[in-house]
Structures are given as structure tokens and as C-alpha cells.
Amino acid sequence: MCLRLLLVSACVFTVARAEMFTAVAHMRGLAQLEGDLLQGFKEYIAAEEQRVQDLKKFASEVESAQAVVRATSVHEYLNDPINSVLLINRFYQGWKKLSEIVYRDNSIELMANISLNDYQMPMGEDYKGAYAALRRLQDTYDLKPDQVSDGQLGGLKMTASDCYDAGRESFLANEWRHTRHWMLEALNKSIQDEEQAKDVDLVDIYDHLAYAEYKMGNIRKAIQYSRDLLQNEPGHARTESNVAYFEEELIKNPDSYNNYVDEDYREMTDEHARYEELCRRADPVSQKQHRKYICFYYNNHRNPRLLLTPAKVEIANLKPRVWMLRNVLSESEMNQLKELAGPKLNRATARNYATGQFEPVHYRISKSAWLGSDDDPQGYVKRIDQRIEDITNLDMSTAEQLQVCNYGIGGHYEPHYDFARKDEDAFTGLGSGNRIATVLFYMSDVTMGGATVFPNVGARIPPGNGDAAFWWNLKRSGEGDYSTRHAGCPVLVGTKWVCNKWIHERGQEFRRPCGLSPHQ
């Protein structure tokens, strides 16, 4: 058999294994690979169906001949020379060659293609990361399993088996609340659809539900689910033992289990609760403050490059003052940045302020690439740097390179500061001082989610394709502005591309003179 091997080109996506879930851009190749493998799988199924048809055809021929034998006798049957010839033919062409059909392996090409592309397939960390992202989205946007599983977000509907998998991963992560929700969804779907019920084990579902309720302190519900399990599998030794233990606990410590247990309660800091609240909806602006949120054209004291195309500025927040620069990037510029960044995207890191090193962290799920003017022979990066300098009047020679980021499944960046605080290393390795200002470019519209929020002040900025947000990280005194603590909300639906420029203190001495008060 000639093998028609399939290998998705490395230019489609080159991705470090076990990091696929951290960038949607690197999952596009995975979707293409699945489509190609599906075509090979269909061809395998067609070949197997043809093999079965060949076997059925031969069995039918033998059955027809044997029907004649049974209706007459072997002697009479063989009196006909055609019958004798066909009998010999069936043995020579049929029975002796039957093994060729039975042992025909149509899976060689399919399995070769799967093996060849194995290095591009998700690993265990991707699997866990994807379900952790799903739980994060549920928590942040207050989504119940039925809202997710019934396709209300615009995607595929989940089966009972899919819901069980989500519950099982929650169980392994000690996420008891999510375990309960997803196992109940799997139970409901299996009850509503007999076909889906064949793909899940009710006993297993009840077992997970009982343990999750016990861990949450709902011992009476744990007993109820344990008894449901025993109805489906009488004599289940471990469950019988659990019921006896639960009932004994109720007798020993009745007061401990009489308090109401809020099944949706989550322990979190006030800041995190505020962060999630802002991700869901913006704070209303008072009528008195509303008039201060103005829009204007800005040419930075008649900068020659801004005279004909002034910056379109919108005041997005007052304290800290955040400028929204509307349509500051063109489609061609954004496409070029994405194209340049694609091959260089790696798991985004955050600074460990104890060591000063940058490392991957659970609270930042995205991939990033750094771009300097040397990476871009067409000059897009240099042109963007010049535009930032024209608008902000800040020296770009000491700024960090452009950082292009693509967010993954439920991609987010929890509340953080861009500047180094007093007890932290102020980027001494760069030799350019602290980060005085941030420019955050949005290079895609996000269907749902993905806003930038400032929990300390209640500000919320939804991403807009081609727009940028600008704010000062440091006051004129050089002190950090703690109101600039911000976060990137999880992407619920869509793809989020951003690009940021961190501008440093060195070189700004005469462009932004220091203030005399620490509060300036």
C-alpha cells in the first residue's frame, strides 16, 4: 500500500508541547490538523466497510451454494459439473484467500499520519489547562454548566460524556463546587437522552457527587447521592461503608452539619471579587463626572507628523488618567506585527519580584513575542515607536521592545502593576530606571470578555481593534501610582491580540520634569 502521509507544515504553527492552550493562534493549526486527520479516518472507515462488504459477499455466495446442497444432497449437487467447478473455485479463490481479506490492515496510513503528527498534539498539561480555563470563565462570568454545555456561547453543544469529563477534571483539581455542577449536568443530560446515557456510568457520577458534597460540608446530600448509587448498584461495598460513616458523623456532630452551606460560595480577596465584577460589567459614571470624559484631536503642540493626522484621544478614566488613542494602528500594521510575532510566540511570563526573574505563572495565560526594529525590515516597528514618541513626547530609546501577546483559552492576566515597587528590583538589568508609562495596543475586537480593568478605581476598557490605552505608571515625583493596578479579563468568546510598549524613566528628565511633591 502506498502511504499518503500527512504532515502539517511547521509554518502553520510551531508550538512548544504542553503550552498549546495558552494561545489561540497556536490552536488554529490544531483545528486544521484535526480536519486532515478526519479525512484520513473517513477513508479508513470506508476501507473497513468495503472489507466487510467483501466478506459478506463471499458469505452470501457460500450460503446460496449450501442452500442447494441442503435442498437436495451432496451427491446430486455434485452431479452438476458447474457446481463442482464453482465449489473448487470458491475454495481456491475464496476460502484460501479469505485470510487476505480478514487480515487486511487498512489502518497503516491513518496510524502513520497520527504518529507523524504526534509532536503537535495536546499533552496532559494542555488538557488540564483547557479545563482550568473553562472553570475560570465560569467563575469570572458567573456561568452555569447548562449555559456552557447547551451552546449558548455560540459553540458546539456538550454531551453527557463531555460534561462528565469536565466534572472529572474538576474533581482531580479538588474543585468540589465545579465537580458538583458538572456531574449534575452530566446526570441531567443522561436522563434526558437515552443515547447519551450509554456513554456515562451513573454509578460513577453519583460517586463523584457524593464525595464532592461531603467535601463541601453537605453531608446529607452526600448520603442522598450515596443511596442513589446503591439503587443502581446494590452491594457497592465502599459506598455502604461511606453511608455508615456519614450517618455516624451526623449523630456525633449534628450541629456541624445543620448550618446552611452556600454551594456557590468561593473564598477570594476583595480585590479579586472586584476584578471579576468589573470583568462582567462596567461601573456607571455619575452625571457630574460624565462631562469630564471628553474626546479631542491632539497634535502635541503642532508636531509636524501629527498636523495632518492628529491623534484621536478619548478620556477613558480620570484617576489614573487613561487616554484611549482611537484607530492609532492600521490593519496593515497590526497584520505585520502578528505575522512577525507568530513564529516567536512563547509562553508569557511574569516577573518574580523576589528573584527578579521572569517565569511562567498560572495567573497569566497567554503567549508573547518581543519585536525590535531589527526584526522588521519593512520598518513597521520603527514607525510605531515614532508614533508613540510623537503622541506622548517621551523618548523611546530607553523603552522596552514591543511585546505582542495572543491570549489562550480563557486567557487572562490577573491584577498587577507594570512598575516595580519600592521593595522590588526596578529593572536594574536594563539600566533605564522604572517603567514610567504604558501604551497598550489592542489588535483585535473580542466578541465577549477580554476587557482591561482597574479594580482600585472601577475603570473598565473593552478592547477595540486598532485602539490603544496610555497611562502613567509613575507620578512626577517618581513614586509609583498605585491606582494603576490593572488586569486583563479572561477572553470568553473570540481572540485577543494586544501589543504593549513599556516606557522607562531614563531619557525623560526634560520631557517630563519631576514634581516637588510625592503626590504629584
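Residues numbered from 1 in each chain as written. Predicted model: local features only at pLDDT ≥ 70, side-chain atom pairs only at ≥ 80, totals over all residues. Heavy atoms only, no water.

Draft legend 1. Local environment of the pairing of strand S3 (residues 322-326). Of all five residues in S3, four are buried, a share of seventy percent or more. Taken together, strand S2 (residues 311-317) and the strand that follows it, S3, pair antiparallel across an intervening segment of four residues. Pairing of S3 with strand S14 (residues 468-472) involves four bridges; the strand directions are antiparallel. Across the sheet, residue Val322 finds its bridge partner in S14, namely Trp471. (Buried < 20%, exposed > 50% of the residue type's maximum accessible area, 1.4 Å probe, protein only. Helix = DSSP H or I, 4+ residues; strand = E, 2+ residues; numbered from the N terminus. Pairing = 2+ DSSP bridges.)

Draft legend 2. Structural detail: the packing of helix H1 (residues 28-71) against helix H3 (residues 81-95). Where H1 meets H3, the closest approach of the two axes is 12 Å, and the angle between their N-to-C directions is 160°. Considering the angle they form, H1 stands roughly antiparallel to H3. In the packing of H1 onto H3, the handedness of the crossing is left-handed. The segment H1 lies against H3, with Phe58, Val62 and Ala65 engaging Arg90, Gly94 and Trp95. Taken together, the residues that form the contact of H1 with H3 break down as four nonpolar, one polar and one charged. (Axes fitted to C-alpha atoms, helices over the stretch in contact; angles between N-to-C directions. Parallel < 35°, antiparallel > 145°, perpendicular 65-115°, else oblique. Left-handed = near helix turned anticlockwise from the far one by under 90°. Contact = heavy atoms within 4.5 Å. Nonpolar A, V, L, I, M, F, W, Y, C, P; charged D, E, K, R; others polar.)

Draft legend 3. Summary view of the packing of aromatic side chains. Taken as a whole, this structure holds 21 aromatic pairs when the rule is applied. Seen in terms of ring centroids, Tyr214 and Phe246 are 5.2 Å apart; in terms of plane orientation they differ by 35°. Their pairing is tilted. With Tyr214 in helix H11 (residues 202-215) and Phe246 in helix H13 (residues 237-252), this residue pair connects regions lying 32 residues apart in the sequence. Judged by its relative accessible area of 27%, Tyr214 falls in the partly exposed class. Residue Phe246 is classed as buried on the basis of its relative accessible area of 5%. Grouping aromatic residues by their ring pairs yields a cluster made of Phe171, Trp176, Tyr211, Tyr214, Tyr245 and Phe246. In this arrangement the basic side chain of Arg435 is found over the ring face of Trp502, its NZ or CZ atom lying 3.6 Å from the centre. Cation over ring: Lys496 sits above Tyr407, and NZ or CZ is 4.6 Å from the ring centre. (Phe/Tyr/Trp six-rings, centres within 6.5 Å; stacked < 30°, edge-to-face > 60°. Lys NZ or Arg CZ within 6 Å of the ring centre and 35° of its normal.)

Draft legend 4. Structural context of a positive patch on the surface. On the surface, a cluster of positive charge is made up of Lys288, Arg291, Lys292 and Lys319. Its location among the elements puts Arg291 in the loop between helix H15 (287-290) and strand S1 (295-298). Using a relative accessible area of 61% as the deciding quantity, one classes Arg291 as exposed. (Patch = residues over 30% accessible without salt bridge, like charges linked within 9 Å, V, L, I, M, F, W, Y side chains within 5 Å. Areas by Shrake-Rupley, 256 points an atom, 1.4 Å probe, with all protein chains shown as cover. Salt bridge = Lys/Arg side-chain N within 4 Å of Asp/Glu carboxyl O. Lys, Arg positive; Asp, Glu negative; His and termini not counted. Charge placed at Lys NZ, Arg CZ, Asp CG, Glu CD.)

Draft legend 5. Inspection of the pairing of S14 at higher detail. A large share of S14 lies buried, amounting to four of its five residues. Bridging between strand S10 (residues 435-442) and S14 involves five bridges; their strand directions are antiparallel. Among the inter-strand pairings, Leu440 is bridged to a residue of S14, identified as Ala469.

Draft legend 6. Highlighting the nonpolar core. The biggest cluster of nonpolar side chains holds 39 residues, and the ones touching the most others in it are Leu337, Val404, Phe441, Met443 and Ile503. Leu337 has contacts with Leu371, Val381, Ile384, Leu402, Val404, Met443 and Cys499, leaving out every residue within four places of it along the chain. Residues Tyr131, Trp182, Ile205 and Ala487 belong to the second largest nonpolar core, which totals 32 residues. (Core = buried A, V, L, I, M, F, W, Y, C linked by side-chain atoms within 4.5 Å.)

Draft legend 7. Quick peek at H1. Look at H1: 64 Å from first C-alpha to last across 44 residues, which is about the 64 Å you get at 1.5 Å a residue. When H1 is considered as a whole, its buried residues turn out to be Gly29, Leu30, Leu33, Leu37, Gly40, Glu48, Arg51, Phe58, Val62, Ala65 and Val69. Residues of H1 that are buried in the fold lie against helix H2 (74-79), H3, helix H4 (98-102) and helix H5 (108-116). (Expected span 1.5 Å × (residues − 1).)

Draft legend 8. Seen up close, the pattern of salt bridges. Counting across every chain of the model gives 28 salt bridges. A salt bridge links Glu276 to Arg266, with the nearest nitrogen and oxygen atoms 2.5 Å apart. Of this pair, Glu276 sits in helix H14 (residues 270-280) while Arg266 sits in the loop between H13 and H14, and the two are ten residues apart along the sequence. Between Glu277 and Arg274 there is a salt bridge; the shortest N-O distance is 3.3 Å. Remark: Arg274 and Glu277 occur in helix H14; sequence separation between them is three residues, near one turn of the helix.

Draft legend 9. Representation of the side chain of Thr140 in the model. With respect to the helices and strands, the residue Thr140 is situated in helix H6 (residues 124-141). The exposure class of Thr140 is buried, given its relative accessible area of 2%. Here Arg136 takes part through its backbone oxygen, which lies 2.9 Å from a polar atom of the side chain of Thr140. Apart from the residues within four sequence positions on either side, Thr140 is in contact with Glu276, Cys279, Arg280 and Pro490. (Polar contact = N/O pair within 3.5 Å; in protein donor to acceptor, adjacent residues only side chain to side chain.)

Draft legend 10. Just the environment of Gly124, in detail. Following the sequence through the fold, Gly124 ends up in helix H6. C-alpha separation for the pair Gly124 and Arg168, spaced 44 residues apart in sequence, amounts to 14 Å.

Draft legend 11. Here's a closer look at the sheet that holds strand S8 (residues 402-407). The nine strands lie next to each other as S1-S2-S3-S14-S10-S17-S8-S7-S4, forming an open sheet whose pairing is antiparallel. The outermost strands of the open sheet, each flanked by one partner alone, are S1 and strand S4 (346-347). For S8 and strand S17 (residues 497-504), the ladder comprises four bridges, and the chain directions are antiparallel. Looking at the pairing, Cys405 lines up with Val498 of S17.

Draft legend 12. Quick peek at the side chain of Asp390. Along the chain, Asp390 turns up in helix H17 (residues 380-392). Contact partners of Asp390, with chain neighbours within four places excluded, come to Asn300, Asn303, Arg305 and Leu306.

Draft legend 13. Local environment of the confidence of the model for the protein chain. Mean pLDDT for the protein chain: 90, with 93% of residues reaching 70 or above. Under a pLDDT of 50 for its full length, residues 1-14 has, in the predicted model, 35 contacts with residues more than four places off or in other chains. (pLDDT = per-residue confidence, 0-100.)

Draft legend 14. Local environment of the state of the cysteines. In total, this model carries one disulfide according to the counting rule given. A sulfur-sulfur distance of 2.0 Å marks the disulfide that ties Cys279 to Cys489. Measuring the twist about the S-S bond at about -90°, one finds the Cys279-Cys489 disulfide to be left-handed. Of the two residues, Cys279 is situated in helix H14 and Cys489 in the loop between strand S15 (486-488) and strand S16 (491-493); the sequence distance between them amounts to 210 residues. Per residue, the accessibility class of Cys279 equals that of Cys489, and both read buried. (Disulfide = S-S within 2.5 Å.)

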